[in-house]
Amino acid sequence: MAALERVLKPKTKRSKRFLEKREPKLVENVKNAMLLKGGNANCTVTQALKDIYALKKPYAVLYKKKNITRPFEDQTSLEFFAKKSDCSLFIFGSHNKKRPNNLVLGRMFDYHVLDMIELGVENFVSLNDIKNSKCPEGTKPMLIFAGDAFESSEDYKRLKSLFIDFFRGPAVPCVRLAGLEHVLHFTALNGKIFMRSYKVLLKKSGCRTPRIELEEMGPSLDFTVRRTHLASDDLYKLSLKQPKTLKQKKKKNISQDTFGTTYGRIHMQKQDLGKLQTRKVKGLKKRPAMDGPESSSKKPRHV
Amino acid sequence: MATPGVEELLARAEQEEALSLRQITVHKELDLEYDLGNLLAMDPNPPEASEFRRHGGDYLRALARGNTQLLINQLWQVPSERVEETVVVRLPEANLRLPREKPPPRARPPTRWEQFAKLKGIRKRKKSNIAWDEAQGEWRRRWGYKRANDPTKKWLIEVPATADPNEDQFAKLLQAKKERVAKNELQRLRNIARSQGREPPAPVPPPGAPRSRAQLGKELQVTRRSTASVGRFQALLPREKEPRGVGKKRRFQPLLGDMAAEKQRQLELLGALNRKEPRLDVTRAANKQLREDEQEAARSKKRRGAGRAGTGKKGKGPGGARAGKKGKGPGGIRAGKKGKGRTGKRNKQEH
């Protein structure tokens, strides 16, 4: 709702600013994530949430208390939390006999659940379990997806998009080369997804591009896909819709060839060849039509 | 020690270069897809399950190393620049489109004033934020706290010649301000309602405005019912009619209590059932009697009218006369009538 359409007016400037910050924007802010625990979350799930929070920090909110809710049955409480903390990404962790070590990864559009995928954690190694140096907080990770399943299966495609949305961090115009320190590698293999987090070590290679060595940093998780709740095609399309003003207008008649030379095509009106200036010769000079016959009639008499 | 020849040096350099290139090249069956704007790479090659079974996590790390090396190679290809002692690369636009968090903002529909201003070509003019205060002799803000020429800060107001001398002019100013604020709020809400596609309700006429008879009647009816007892104990005004179209509610006798009345009612009912002769409904009987009388009167009148003259049957052609003949065929008296009818017809022809 735009500022002037709000029925209740904010009473102070501060609250007005607060509300304006949450309004839909042309160029959107970084998506925030909220990490929630269900009624019965075990140690694994809790630690996994904490580790993901550590990766996702400053753009995440970790809920400390239990929230007895089931995202696949009733999404209202999730939507309420999303509205409260203005988060559009969420992970809900729970543990029960039927679905042990459960993480529900999802995203919202307009404070309603768009996609939701339930992942079972088969194997978990925490950030603290691996005694290695970590990368600094808020590092933009490089994301790599390996496996043909990420392109063939519809669920995996959406899951890939969800992972990218979740972990990519702020969209930046430029990046410091030495600051590329963190890699998140997702491998789809044997019906499982292996998420690994590595610290990048740049070694000398003898040429400009460095040689890469990886050091496991944690957390590492092995996921299996359980239930899914994917947005319908038209809703997904609607959520992808860009505002008209952001779209770049295509410049007509300008092209570039392989060498980078720019060519322009110019449209001109048809040239009037009747007015074309040619060489001036006396004999071709136009004379008034009246003079012509008179002079020719006189000339023979003169000769 | 002999100095190495030129060829030797070149060969060594070539070898070193090949070695270093070998360090950063990774062989893949299918090329990776990159989205450098998101620092993203996609490896479409299926991972080898047998290798994974043999080596486990080490295989995953080797795979990740190769892919990362390829992504880094791509990133180092992007032209870099120096910004404050650090080397940065300008990332290209991200290719991958991700869903938005919220729908794009809509343009606010114009308010009623804006519509009117556009129609009339009224343009906004920017006023300066400060204004000259004559009384204070200084520049002050135009609005808000300590504003210039503040009308509410006047210590003396002249009472107009036409005004009531006992009226508080200060209170009047305050009241006027409050009303303006309230009006503005109302307009704002009406604009919101209009932007939502709901037409705002018609404005309430100010007290004392002329109203039609129907409107007054409606208002009276509403006010009559607007009591705690829904107008049950409201007396009618002199010469006031009961409003039409207002249904009466059925009232039932109390279930308990008045035993005598109940006994009476039951006995009456029993008596009615027990009676041998049919019960006389006075109104029905009276109506029946009246109808019979009327019919009788009509019949006798008809008979008499037909006997007197055929003038009653005006404008009827020969068909009508024939019909009369046919119908009144038998009976002696009627035969006489027949002749008369004929005369009537003749009269008509004379006319």
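Now for a look at the structure at hand. (Residues numbered from 1 in each chain as written. Chains lettered and ligands numbered in written order. Predicted model: local features only at pLDDT ≥ 70, side-chain atom pairs only at ≥ 80, totals over all residues. Heavy atoms only, no water.)

**A look at unusual backbone geometry**
Residues and elements named next belong to chain A. Selection criterion: Helix and strand assignments come from DSSP, with helices taken as H or I runs of at least 4 residues and strands as E runs of at least 2, each series counted from the N terminus. Burial status follows relative accessibility: with a 1.4 Å probe on protein chains alone, a residue under 20% of its type maximum counts as buried, one over 50% as exposed, and anything between as partly exposed.
Backbone torsion omega between Gly218 and Pro219 reads 0 degrees, so that peptide bond is classified as cis. Note that Pro219 resides in the loop between strand E10 (211–216) and strand E11 (220–229). In the Ramachandran plot, Asp110 falls in the positive-phi region, its phi being about 55 degrees despite a non-glycine side chain. Despite not being glycine, Asn190 shows a phi value in the positive range, around 55 degrees. Secondary-structure assignment places Asn190 in the loop between strand E8 (182–189) and strand E9 (192–203). For Asn190, a relative accessible area of 53% translates into the label exposed.

**A word on the pairing of strand E6 (residues 142–146) of chain A**
Selection criterion: Being paired, for any two strands, means DSSP has found at least two bridges between them.
When you tally the buried positions in E6 of chain A, you get five out of five residues, the bulk of the element. Judged by which residues are buried, E6 of chain A turns out to be covered on both faces: Met142, Ile144 and Ala146 of chain A on one side and Leu143 and Phe145 of chain A on the other are all buried. Alignment of E6 of chain A against E8 of chain A, held across five bridges, turns out to be parallel. Bridging from a neighbouring strand, Ala146 of chain A pairs with Thr187 of chain A of E8 of chain A. One ladder, built from four bridges, connects E6 of chain A with strand E2 (residues 40–43) of chain B; its direction is parallel. When the bridges of E2 of chain B are listed, Ile144 of chain A appears paired with Ala41 of chain B.

**Brief notes about the pairing of E2 of chain B**
In summary, the side chains of a regular strand alternate between the two faces of the sheet. All names here are of chain B. Residues of E2 alternate between two faces, with Leu40 and Met42 on one and Ala41 and Asp43 on the opposite face, all of them buried. In terms of strand pairing, strand E1 (residues 33–35) meets E2 through three bridges, oriented antiparallel. Its bridge partner being in E2, Tyr34 is matched across the sheet by Ala41. The antiparallel hairpin formed by E1 and E2 contains four residues in its connecting segment, where Leu39 sits at a positive phi of about 55 degrees.

**Some details on the packing of aromatic side chains**
Residue and element names in this part refer to chain A. Worth spelling out the cut-off: Geometry of aromatic contacts follows a simple scheme: Phe, Tyr and Trp rings, the Trp one being its six-membered ring, pair when their centres are within 6.5 Å, and the pair is stacked under 30 degrees between planes, edge-to-face over 60, tilted otherwise.
Evaluation of the coordinates by the stated rule reveals 13 aromatic pairs over all chains. Ring geometry for Phe163 and Phe223: centres 6.1 Å apart, planes at 25 degrees, overall stacked. Pair noted here: Phe163 is in helix H5 (residues 154–167) and Phe223 is in strand E11, with a separation of 60 residues, a long-range link. Neither residue differs from the other here; Phe163 and Phe223 are each classed as buried.

**Some remarks on the interface of chain B and chain A**
The test is simple: A contact between two residues is defined here by any heavy atoms of the two lying within 4.5 Å. Throughout, buried area stands for the accessible area (probe radius 1.4 Å) lost by two parts on being put together, summed over both. Note on definitions: salt bridges are taken to be side-chain nitrogens of Lys or Arg within 4 Å of carboxyl oxygens of Asp or Glu. Two N or O atoms count as a polar contact when they lie within 3.5 Å, although within protein this holds only if one can serve as hydrogen donor and the other as acceptor, and sequence-adjacent residues are included solely when both atoms are side-chain atoms.
The interface of chain B with chain A comprises 55 residues on the first partner and 74 residues on the second. Summing the contributions of chain B and of chain A, the shared interface buries around 6,200 Å²; its carbon and sulfur component is 62%. Linking chain B with chain A are two salt bridges, by the criterion used here. For the salt bridge of Lys102 of chain B with Asp86 of chain A, the shortest nitrogen-to-oxygen distance reads 3.1 Å. Counting every contact that joins chain B to chain A gives 27 residue pairs in polar contact (both at pLDDT 80 or more).

**With respect to the sheet that holds strand E7 (residues 174–176) of chain A**
Sheet strands line up and pair through hydrogen bonds in the backbone, either parallel or antiparallel. Heads up, the condition is: Axis lines are fitted to C-alpha atoms, over the contacting stretch for helices. Their N-to-C directions set the angle, which ranges from 0 to 180 degrees.
Spatially, three strands are ordered E7(A)-E4(B)-E3(B) in an open sheet, and the strand pairing comes out antiparallel. Each edge of the sheet is formed by a strand with only one pairing partner; in this case those strands are E7 of chain A together with strand E3 (80–83) of chain B. With direction set aside, neighbouring strand axes in the sheet form an average angle of 40 degrees. Here three bridges tie E7 of chain A to strand E4 (residues 86–90) of chain B, and the two strands are oriented antiparallel to one another. Its bridge partner lying in E4 of chain B, Val175 of chain A is registered against Val89 of chain B.

**Here's the deal with the side chain of Asn45 of chain B**
Note that Asn45 of chain B resides in the loop between E2 and helix H2 (49–55). A polar contact of 2.8 Å, which involves the side chain of Asn45 of chain B, links it to the backbone nitrogen of Leu30 of chain B. A polar side-chain atom of Asn45 of chain B sits 2.7 Å from a polar atom in the side chain of Asp43 of chain B. Once you skip the residues sitting within four places of it in the chain, Asn45 of chain B turns out to touch Gly147 and Asp148 of chain A together with Lys28, Glu29 and Leu30 of chain B.

**Section: helix H7 (residues 259–274) of chain B**
Inclusion rule: Multiplying 1.5 Å by the residue count of a helix minus one yields the expected span of that helix.
Under the 1.5 Å per step criterion, the end-to-end length of H7 of chain B is 22 Å for 16 residues, consistent within 8% with the ideal 22 Å. Taking burial as the measure, the 16 residues of H7 of chain B include zero buried ones, a minor fraction of the element.

**Concerning the environment of Leu237 of chain B**
Here Leu237 of chain B shows up in the loop between helix H6 (213–225) and H7. Discounting chain neighbours no more than four positions away, the residues touching Leu237 of chain B are Leu220 and Arg224 of chain B.

**Section: the side chain of Ser197 of chain A**
Residue and element names in this part refer to chain A. With respect to the helices, strands and loops of the structure, Ser197 is situated in strand E9. Here His182 takes part through its side chain, which lies 2.9 Å from a polar atom of the side chain of Ser197. Those residues within four positions of Ser197 in sequence are excluded, and the remaining contacts are His182, Val183, Leu184, Glu215, Glu216, Met217, Gly218 and Pro219.

Taken by themselves, the reported measurements are silent on function.
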